[in-house]
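The lines below spell out each chain.
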Amino acid sequence: FISIFKELKLPTFVFLHGIPTTYNNIDNNRADYLVVWSDKIKNTYINIGVDKEKIIVSGNPIYSPKKINNLSFSLKNLLIISHSITQSPENSDKFIMQERGALLSYLYSIQKVLSKFGVKSVRFRPHPSENPTWYLKNLDKKFYILDTQPINKSINASSMVIGPISTVFFDSIANNKNYIVYEPLVNNKSIKNFDLVPPFDGSDNRISIANSENQLISIIKNKQLLNKNVLKDYSGDNFIFNEIRKIIN
């Protein structure tokens, strides 16, 4: 599509739907314009060599207008997000091998930690691209109970959310729920064999990130909340479409 539109001399855009889990100056740099939510994301792309003139900050129509109350922190009704493996390559600058079994190890690890706090069961949501049946065949079904509600209902019914780098991070804050980012590292790589990227690499100390079971235990024990202001900083102040409309017209 990008090639066809360029041949027709029509503008092309890549719209990012969230915070990238990987950054390079190839994959999201093929169109004429790259549309991101916030200046924070824009600056990360500029730092890896993407032309700042082609990056448009749009904000987000759902998150930007949100007024956030205090975030809840409780183990009473936890929602766990799975750590999915992308079915197609995410990086054009390198080949990354991913181990499907690590997805189960991730959930076993969370169960091990939560059991120390007396948690008997949690609800969990596989990524929409994943097969829930595969998970249920391999998990403790007394501990992990499948959640099939719409995402906002699922979060609103929860006391807190634990999961990997995910756009659900923003959904949780927008619904006044704390989100603990759990990204256990093996040889300084995530279980997807990725390098962690800003702001989930520890570069923003307002976000609670656990890179090991001990760190996850510490965050839970100390009831360490993330700073709710990160939603505004990474989703943008306002949703603005005017610049894109001018280019199209």
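Scroll up to find the structure.
Residues numbered from 1 in each chain as written. Predicted model: local features only at pLDDT ≥ 70, side-chain atom pairs only at ≥ 80, totals over all residues. Heavy atoms only, no water.

*Asks:* Give me the environment of Ser235: which residues, what numbers.
*Replies:* By the secondary structure assignment, Ser235 is in helix H8 (residues 230-235). In this structure Ser235 comes out as buried when scored by relative accessible area, which is 0%. Put simply, Ser235 and Trp37 are 198 residues apart on the chain and 5.0 Å apart in space, counted from C-alpha to C-alpha. Among all residues touching Ser235, those that are not within four sequence positions of it are Trp37, Ser38, Gly59, Asn60, Tyr63 and Ser64. (Helix = DSSP H or I, 4+ residues; strand = E, 2+ residues; numbered from the N terminus. Buried < 20%, exposed > 50% of the residue type's maximum accessible area, 1.4 Å probe, protein only. Contact = heavy atoms within 4.5 Å.)

*Asks:* Account for the pairing of strand E2 (residues 33-36), naming residues and giving values.
*Replies:* Sheet analysis places strand E1 (residues 13-15) next to E2, joined by 3 bridges and oriented parallel. For Phe13, the partnering residue across the bridge sits in E2 and is Tyr33. Examined bridge by bridge, E2 and strand E3 (residues 55-57) share 3 bridges and lie parallel to one another. Looking across to E3, one finds that Val35 is bridged to Ile56. Handedness of the β-α-β unit built from E2, helix H2 (residues 39-47) and E3 comes out right-handed. (Pairing = 2+ DSSP bridges. Right-handed = clockwise from strand over helix to strand, strands pointing away.)

*Asks:* Before we move on, can you summarise the packing of helix H3 (residues 101-116) against helix H7 (residues 213-221) with the specific residues and values?
*Replies:* Packing of H3 against H7 leaves a shortest axis separation of 10 Å and a crossing angle of 40°. One finds that H3 runs oblique with respect to H7. For the pair H3 and H7, the sense of crossing is right-handed. Note on element contacts: H7 touches H3 through Glu213, Leu216, Ile217 and Ile220, opposite Ser109, Lys112, Val113, Leu114 and Lys116. Residue composition of the contact of H3 with H7, by class: 5 nonpolar, 1 polar and 3 charged. (Axes fitted to C-alpha atoms, helices over the stretch in contact; angles between N-to-C directions. Parallel < 35°, antiparallel > 145°, perpendicular 65-115°, else oblique. Left-handed = near helix turned anticlockwise from the far one by under 90°. Nonpolar A, V, L, I, M, F, W, Y, C, P; charged D, E, K, R; others polar.)

*Asks:* Give me the lowdown on the sheet that holds strand E6 (residues 144-146), citing residues and values where you can.
*Replies:* Two strands in a sheet stick together by hydrogen bonds in their backbones, pointing the same way (parallel) or opposite ways (antiparallel). Reading across from one edge, E6-E5-E4-E7-E8-E9 is the order of the 6 strands in this open sheet, with parallel pairing throughout. The open sheet terminates on both sides in strands that have one partner only, identified here as E6 and strand E9 (209-210). Here 3 bridges tie strand E7 (residues 160-163) to strand E8 (residues 179-182), and the two strands are oriented parallel to one another. Of the residues in E8, the one forming a bridge with Ile162 is Ile180. Across the sheet, H3 is in contact with strand E4 (78-81), strand E5 (122-125), E6, E7 and E8; its angle to E4 comes to roughly 155°.

*Asks:* How would you explain the environment of Ile244 if you had to name every residue and give the values?
*Replies:* Counting through the fold element by element, Ile244 comes out in helix H9 (residues 242-248). When its relative accessible area of 0% is taken as the criterion, Ile244 is described as buried. Sequence-wise, Ile244 and Ile56 are 188 residues apart; in three dimensions their C-alpha atoms are separated by 8.0 Å. Leave out the neighbours within four places in its chain, and Ile244 touches Phe13, Phe15, Val35 and Ile56.

*Asks:* If you had to explain the layout of surface pockets to someone new, which residues and values would you point to?
*Replies:* Taken as a whole, the largest pocket spans an internal volume of roughly 1000 Å³. His17, Thr21, His127, Ser166 and Thr167 are the residues nearest the centre of the largest pocket, which is lined by 43 residues in total. Only E1 and helix H6 (168-174) provide two or more residues apiece to the lining of the largest pocket. Roughly 220 Å³ of internal volume is contained in the second largest pocket. Lining the second largest pocket are 13 residues, and of these Ser64, Lys66, Lys67, Ile68 and Lys232 sit closest to its centre. Looking at side-chain class alone, the lining of the second largest pocket contains 4 nonpolar, 4 polar and 5 charged residues. (1 Å grid on protein atoms, 1.4 Å probe; cavity = no way out; pocket = protein on both sides within 12 Å on 5 of 7 lines; lining within 4 Å. Points joined across faces, edges and corners; volume = space filled by probe spheres on them.)

*Asks:* Can you lay out the pattern of salt bridges for me, pointing to particular residues and giving the numbers?
*Replies:* Tallying each qualifying case throughout the model produces 8 salt bridges. Ionic pairing is found between Glu213 and Lys112, a salt bridge with its closest N-O pair at 3.3 Å. Taken together, the residues span a long stretch of sequence, with Glu213 in helix H7 and Lys112 in helix H3 at a distance of 101 residues. For Asp147, the salt bridge is made with Arg125, and the minimal N-O distance between the two is 3.4 Å. With Asp147 in the loop between E6 and helix H5 (151-156) and Arg125 in strand E5, this pair connects stretches of sequence that are 22 residues apart. The same class applies to Asp147 as to Arg125, namely buried. One salt-bridge network, in which partners are shared between bridges, spans Arg123, Arg125 and Asp147. (Salt bridge = Lys/Arg side-chain N within 4 Å of Asp/Glu carboxyl O.)

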